[in-house]
Amino acid sequence: MRLDLSVPDALGAVLATARQTEPETVPLADALGRTLAERVLAPEAIPPFDTSAMDGYAVRAEDCAHAPLALPVAGSSMAGAAPSGPLAPGTAMPIATGAPLPSGADAIVPVEWTERADASQDERVQISRAPEAGRYIRRAGSALAVGDAPLASGVAVTPAAIGMLAAMGLGSVRVRQRPRVRLVVTGDEVAGPGAPLAPGQIRDINGPALAAQIDAAGAEVCEIVQADDASGSVAQAARGDADLLLLTGGVSVGPRDRVLADLSASGVVWHFWRVRQRPGKPLLFGTWDGVPVLALPGNPVSASVGFEVYGRPLIAAMLGRASGAEPINARLGEDLATARGLHTFARVFARRDSCGQLVLTSAGPQGSHVYRTLLGDGLAHLPADWDLAPEGSVVPYSPFAWTPTC
Ligand SMILES: Nc1nc2c(c(=O)[nH]1)N[C@H]1C(S)=C(S)[C@@H](COP(=O)(O)OP(=O)(O)OC[C@H]3O[C@@H](n4cnc5c(N)ncnc54)[C@H](O)[C@@H]3O)O[C@H]1N2
Ligand code: MOO
């Protein structure tokens, strides 16, 4: 087991264990937020046929070249049906927006360029302007040709992706199975919501917060288990089928911090312990029969930040996600304290200044127990060799999974 890794080394070791989950087919209605398991090739053209972009008349452009003029009206083409027949030379065919272009026509005259005394009786339409050939016609495949690949493997299924899939006539889609995460919350001291707090007890933050983070990262919690501080309890709680085992608490050096020893005895191979970072330094990582085991510290800020920094990219890799939410550069709007010798993940608010540049300010006191700083927008990465991160310096910034990028 390696000790006291740098953040990039720790992240590299975590990602090296990622195995992509199997693909599965889901109906479009269930696909939102999932990740495409394969490139989607258009099986149909959009539009599927040459169509009119305007309500008006389908004509031959050459018949209208000397407008103003009048043409006899013949046939019709309305949306949802084939045209009544081909366009006879020297005539105009009423056509609706989205209706198929009759063969023989090569231009549309919009209604606004025409006059017709009484559409039910008048057999002729007065045309005031000559359309050029091709005007107001949307050619078959002009929005998407058969075989085009508008959606790449590894992209998230957004509402727009669902619209695109529907446009191609697809009712279901191949996505990666959500990684199933077993979440073990350790410690005698935690109590669930509503329960009276016995002496020495505190509220369980990590169980609910990490379960929500797992969901936001695109995985699913298959089970949340509470382990007490008795010997053997962690190992028993950890046992069960999962793609990722996530634990919180009990990774430091206290007399009841049993995660390392208990799980070693159960067969977990630990890859590293402790990362030169704050918060989250005592983090433990290993594998159990090939399944990654991420044991986060119990301090709630350390647990949530540790998940964002290691758990979320690991899940993204298991999903085959094309982008793993790489940090972006942003400017510090005020001095931020650093933990000398440790890579500091400062919880910050992010705003745009008048030039559109992203500016970061502290989300509050940065102690590992001050959970409200997670109500900020994301993490500023402050280098380990800085005594202080001064106002005006440019640093990497990672928005939280639940923060819209501004
Ligand atoms: N002698 C040392 N002590 C500690 C060190 C150290 O290097 N030497 N590291 C400190 C750091 S940094 C951290 S982070 C914590 C991590 O400790 P553990 O992972 O063993 O976590 P616990 O002791 O179980 O809990 C720490 C803290 O968090 C509270 N907690 C735990 N679980 C929850 C939960 N589900 N919801 C809310 N709060 C929780 C717990 O009550 C403790 O206050 O170790 C330091 N100590
Ligand atoms: O690393 Mo601990 O997470 O600083 O409190």
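For clarity, every value in this text was computed on a predicted model and none was experimentally measured.

Definitions and limits used
Residues numbered from 1 in each chain as written. Chains lettered and ligands numbered in written order. Predicted model: local features only at pLDDT ≥ 70, side-chain atom pairs only at ≥ 80, totals over all residues. Heavy atoms only, no water. Helix = DSSP H or I, 4+ residues; strand = E, 2+ residues; numbered from the N terminus. Rg over C-alpha atoms; globule rule 2.2 N^0.38 Å. Contact = heavy atoms within 4.5 Å. Areas by Shrake-Rupley, 256 points an atom, 1.4 Å probe, with all protein chains shown as cover. Lys, Arg positive; Asp, Glu negative; His and termini not counted. Charge placed at Lys NZ, Arg CZ, Asp CG, Glu CD. Buried < 20%, exposed > 50% of the residue type's maximum accessible area, 1.4 Å probe, protein only. Arc of directions from axis to C-beta. Domains from an automatic or database assignment. Phe/Tyr/Trp six-rings, centres within 6.5 Å; stacked < 30°, edge-to-face > 60°. Lys NZ or Arg CZ within 6 Å of the ring centre and 35° of its normal. Pairing = 2+ DSSP bridges. Near = heavy atom within 4 Å. Polar contact = N/O pair within 3.5 Å; in protein donor to acceptor, adjacent residues only side chain to side chain. Nonpolar A, V, L, I, M, F, W, Y, C, P; charged D, E, K, R; others polar.

Helix and strand counts for the chain stand at six helices and 27 strands. Whereas a compact globule of 406 residues would reach a radius of gyration of roughly 22 Å, the chain reaches 31 Å, over 25% beyond that. At a minimum sequence separation of 6, the contacts of the chain that also span at least 24 residues come to 71%. Just so you have it, the chain exposes about 18600 Å², and 53% of that area is on carbon and sulfur atoms. Between the mean site of the 32 positive side-chain charges and the mean site of the 41 negative ones, the chain shows a separation of 5 Å.

Here helix 5 (residues 259–266) has its buried residues at Val259, Asp262 and Leu263. Taken around the axis of helix 5, the buried residues stretch over an arc of 90°, which confines them to a single face. As for helix 5, its buried residues are in contact with strand 12 (180–186), helix 4 (233–238), strand 16 (244–248), strand 17 (269–275), strand 19 (284–288) and strand 20 (291–296). Following helix 5 by one or two positions, Gly267 adopts a phi angle in the positive range, close to 115°.

Time to look at the domain arrangement of the chain. How big an interface is tends to be expressed through the accessible area that disappears when the partners come together. When its domains are assigned, the chain resolves into domain 1 (2–21 + 178–318), domain 2 (27–46 + 143–176), domain 3 (51–138) and domain 4 (328–399). In this structure, domain 2 and domain 4 have C-alpha centres spaced 37 Å apart.

Moving on to the packing of aromatic side chains. Applying the stated criterion to the full structure yields three aromatic pairs. Considering the side-chain rings of Trp113 and Tyr136, the 6.0 Å spacing of their centres and the 65° angle between planes classify their relative orientation as edge-to-face. One end of the pair, Trp113, is in the loop between strand 7 (107–110) and strand 8 (114–115); the other, Tyr136, is in the loop between strand 9 (124–127) and strand 10 (137–138), with 23 residues separating them in the sequence. For Trp113, a relative accessible area of 9% gives the class buried. Here the basic side chain of Arg129 rests over the ring of Trp113, its NZ or CZ set 4.1 Å away from the ring centre. Here the guanidinium or amino end of Arg274 rests over the ring plane of Trp273, the centre of that ring lying 4.8 Å away.

Quick look at the pairing of strand 27 (residues 394–399) now. Where strand 21 (residues 328–332) and strand 27 come together, four bridges link them in antiparallel fashion. Directly across from Asn329, in strand 27, lies its bridge partner Pro396.

As a further point, take the pairing of strand 9. Taking every second residue as pointing to the same face, the buried face of strand 9 carries Val125 and Ile127, while none of Arg124 and Gln126 on the other face is buried. Pairing of strand 5 (residues 69–72) with strand 9 involves four bridges; the strand directions are antiparallel. For Pro72, the partnering residue across the bridge sits in strand 9 and is Arg124. Note: strand 8 against strand 9, two bridges, orientation antiparallel. From the neighbouring strand, Glu115 faces strand 9, where its bridge partner is Gln126.

Before going further, it helps to spend a moment on the site of ligand 2. Taken together, Arg278, Pro279, Gly280, Lys281, Pro282, Asn299, Ser302 and Ser368 are the residues near ligand 2. The backbone of Lys281 places a nitrogen or oxygen atom 2.8 Å from an oxygen atom of ligand 2. Within the side chain of Ser302, an N or O atom sits 2.3 Å from an oxygen atom of ligand 2. Considering only residue class, the shell around ligand 2 consists of two nonpolar, four polar and two charged.

Our focus in this paragraph is the site of ligand 1. Residues in close proximity to ligand 1 total 20 residues, the closest being Glu189, Asp204, Ile205, Gly298 and Asn299. In the model, an oxygen atom of ligand 1 is placed 3.2 Å from a nitrogen or oxygen of the Gly250 main chain. Taking Val251, its main chain carries an N or O atom lying 3.1 Å from an oxygen atom of ligand 1. For ligand 1, the protein covers 66% of the area, taking 870 Å² as the surface of the free molecule. Counting residues per element, the ones that place at least two in the shell around ligand 1 are strand 14 (202–203) and helix 6 (300–318). Among the residues forming the shell around ligand 1, the class breakdown is nine nonpolar, seven polar and four charged.

On to the side chain of Asp63. Along the chain, Asp63 falls in the loop between strand 4 (56–59) and strand 5. Apart from residues no more than four positions distant in its own chain, Asp63 is found in contact with Leu69, Leu71, Pro89, Gly90 and Thr91.

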